[in-house]
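Chains, contacts and geometry: an overview
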Amino acid sequence: MPDLLRLTAKRGRLDLVTPFVISRGVEHWYDVVEVEVSWRGRTGWGEATPVDYFGETTDTVMEFVARWDGRLGDDPFALEQLNDAMQADLGHRAAQAGVDAALHDLCGRLTSMPVHRLLGTPRSGPPTVRTISLASPDDMAEETQRVAAGHRLLKLKLGGQDGADLDRVRAVRQHSELPFVVDVNEFWTYDEALELIPQLAELGVTHVEQPLPARDEAGPKLKARSSLPILVDEDCHTLADVAACVERAHGINIKLAKCGGLREALRMIHAARALGLIVMLGCMGESSLGIAAHTAVAGLCDLVDLDGNLGLVSDPWAGVDFVDGIQVPSLDPGLGVRRCA
């Protein structure tokens, strides 16, 4: 009888030092699910962060893991086939990403190789941005003073719908000479974007992420007239979305929890490269377990937003090194992370 891959999972909660605020809401903690895949006495781990606006919850992740336990066959190295099978179970990308990460971790542990070497990707990628939550201009400046040390690039959350977004950037600029990316999370109009982008460029902003609502008909016009590169996030979730982004953006933001894992992320990266798009790698609220999976492909990307583990009260996993502003994967086998005592 074959040795089947077995799946188990447990819920976790990651408390934040300070609330994380964007234009659509506020988070005081992140609910995650730790996924464990076992085979012939060896184990790999991954983390799933449910995306609420996709209708995902920790309940749906737990149900997915239970449904797929014993259905993945007996070959942990059949990563492409396993990915395709899980992708056909629609509506569970975060859960798929958690299982996919655990499978890669297991394969790395079985071969005594770190995942980035299994994938053939560079170990060190670009420096990660540090995100400054949406707040009043003074509060954003204060947060910058508190968290910017050791970083080489900041991301400012905008889209306050109060006419103060430019003031927010000016306030932060008074306390930091670092380059800025701004992320609007869909909350500008076309006219606002046309007015603000040239002024943001003068303040040292390098890229503008998702200024308009996803699939907004003004997207192509804004790209043509923008003096800064436009990146899209909410417009681009999986490989099927990448080609359509060319007409409305200069680049895309890829997140494992949104695309379904490392296999799909690699496909998206290569497709974006072929289409001449900038590639940004982002994350959700994740511990070092979740961030470790992202670092395995970060070296293929132009921009990296992997600070989800840096604002936690207590990180339950260790192994990702933060060196000179870069989230560097471990040289230990698999994802190289270990559970903290």
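Above this text is the structure in question.
Residues numbered from 1 in each chain as written. Predicted model: local features only at pLDDT ≥ 70, side-chain atom pairs only at ≥ 80, totals over all residues. Heavy atoms only, no water.

1. Things to note about the sheet that holds strand β6 (residues 180-183)
Ordered in space as β4-β5-β6-β7-β8-β9-β10-β11, the eight strands form an open sheet in which the pairing is parallel. The open sheet terminates on both sides in strands that have one partner only, identified here as β4 (130-132) and β11 (303-304). Looking at chain direction, β6 and strand β7 (residues 205-209) are connected through four bridges and run parallel. Its bridge partner being in β7, V181 is matched across the sheet by H207. Contacting β9 (251-255) and β10 (278-282), helix α11 (residues 262-274) crosses the sheet at an angle of about 175° to β9. (Pairing = 2+ DSSP bridges. Helix = DSSP H or I, 4+ residues; strand = E, 2+ residues; numbered from the N terminus. Contact = heavy atoms within 4.5 Å. Axes fitted to C-alpha atoms, helices over the stretch in contact; angles between N-to-C directions.)

2. Describing the side chain of N309
Inspection of the secondary structure puts N309 in the loop between β11 and β12 (317-318). A polar atom in the side chain of N309 sits 3.0 Å from the side chain of S288. Reaching out from N309, the side chain makes a polar contact with the side chain of Q327 at a distance of 2.9 Å. Not counting residues up to four positions away in its chain, the partners in contact with N309 are E286, S287, S288, I291, D315 and Q327. (Polar contact = N/O pair within 3.5 Å; in protein donor to acceptor, adjacent residues only side chain to side chain.)

3. Considering the pattern of salt bridges
All told, the structure shown has 25 salt bridges when counted by the stated rule. We note a salt bridge from E80 to R267, for which the minimum N-O separation is 2.5 Å. Separated by 187 residues along the polypeptide, E80 in helix α2 (residues 79-87) and R267 in helix α11 bring together distant segments of the chain. Using a relative accessible area of 30% as the deciding quantity, one classes E80 as partly exposed. As a salt-bridge pair, R267 and E264 come within 3.4 Å of each other at their nearest N and O atoms. Of this pair, R267 and E264 both sit in helix α11, three residues apart, roughly one helical turn. In this structure, a network of salt bridges that share partners links the residues E80, D84, R263, E264 and R267. (Salt bridge = Lys/Arg side-chain N within 4 Å of Asp/Glu carboxyl O. Buried < 20%, exposed > 50% of the residue type's maximum accessible area, 1.4 Å probe, protein only.)

4. A few points about the packing of aromatic side chains
Applying the stated criterion across every chain, the model contains three aromatic pairs. Considering the side-chain rings of Y53 and F54, the 5.2 Å spacing of their centres and the 75° angle between planes classify their relative orientation as edge-to-face. The class for Y53 is partly exposed, based on a relative accessible area of 35%. Taking the relative accessible area as the measure of exposure, F54 reaches 27% and is therefore partly exposed. When the ring centre of W68 is taken as reference, the NZ or CZ atom of R71 above it lies at 4.1 Å. (Phe/Tyr/Trp six-rings, centres within 6.5 Å; stacked < 30°, edge-to-face > 60°. Lys NZ or Arg CZ within 6 Å of the ring centre and 35° of its normal.)

5. Describing the state of the cysteines
The final tally for this structure, using the stated rule, is zero disulfides. Summary of cysteine pairing: C245 is not part of a disulfide, and the nearest cysteine sulfur, belonging to C236, is at 3.9 Å. Looking at C245, the relative accessible area reads 1%, which means it is buried. C283 supplies the cysteine sulfur nearest to C340, a cysteine that is in no disulfide, at a spacing of 18 Å. (Disulfide = S-S within 2.5 Å.)

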